[in-house]
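# Structural features, examined
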Amino acid sequence: SWLLLLFQSHRGQYLLPISLIGWIWAMVNIIRTKRLDLGIVTFGIVLLGTLVEVYMTHKVSSSSENISLGRVWWIKWWLTIGCILVAANFSLVVIFWDSISKELEKSKSQTWMKVFLSYCIIMMVFWIAAAFKNQVRGENIPATYASLDEALAK
């Protein structure tokens with residue numbers, strides 16, 4: 001995920017495989033524990049936004065006719081807000097770690113708990129960075145939302 005963020009963040013599509021894995025993981029957690037995992041919602045928001053971006057980018061690049069889909073600035077905001085929500089979801093583990101760790105220590109080793117907490121912190125930072133990179137992407141790269149807006153307006 002970090003490599004995609006560093007080298008492919010000029011397009012929001014890099015979030016597709018990351019959000020899909022997170023969404024599937026949340027679904028498995030729900031099935032396994034019979035409890036709501038907020039990841040099903042937060043990763044779902046990012047997943048839906050990336051799918052819309054992939055669709056609209058493909059439609060613009062493969063069409064030779066006039067496309068009147070309107071302005072697409074909202075995709076950038078949708079993905080930015082989605083990334084912030086995923087980061088907030090991971091931050092809940094950090095915020096409530098005392099009570100979560102008491103529950104986990106009944107069935108998990110100390111090593112597992114340290115790895116899990118570290119994972120949540122690293123992913124929280126990743127999703128904050130993804131929100132930032134998503135919001136500023138295109139400001140210094142030729143293939144931007146502005147060019148997509150121009151193509152859609154033609």
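The model shown is predicted, which means the values in this text are computed figures rather than measured ones.

## With respect to the environment of Met124
- By the element assignment, Met124 lies in helix α6 (residues 110-136).
- Remark: the alpha-carbon pair of Met124 and Asn89, spanning 35 residues in sequence, is separated by 8.0 Å.
- The contact partners of Met124, leaving out residues within four places of it in the chain, are Ala87, Phe90 and Ser91.

## A few points about the pattern of salt bridges
- In total, this model carries one salt bridge according to the counting rule given.
- The closest approach of N and O atoms between Glu103 and Lys106, which form a salt bridge, is 3.6 Å.

## Details of unusual backbone geometry
- With a phi close to 60 degrees, Lys34 is a non-glycine residue in the positive phi region.
- Considering the arrangement of structural elements, one finds Lys34 in the loop between α2 (15-33) and α3 (39-62).
- Residue classification places Lys34 among the exposed positions, given a relative accessible area of 70%.

Criteria and thresholds
Residues numbered from 1 in each chain as written. Predicted model: local features only at pLDDT ≥ 70, side-chain atom pairs only at ≥ 80, totals over all residues. Heavy atoms only, no water. Helix = DSSP H or I, 4+ residues; strand = E, 2+ residues; numbered from the N terminus. Contact = heavy atoms within 4.5 Å. Salt bridge = Lys/Arg side-chain N within 4 Å of Asp/Glu carboxyl O. Buried < 20%, exposed > 50% of the residue type's maximum accessible area, 1.4 Å probe, protein only.

Read these as layout, nothing more, since geometry by itself doesn't imply function.
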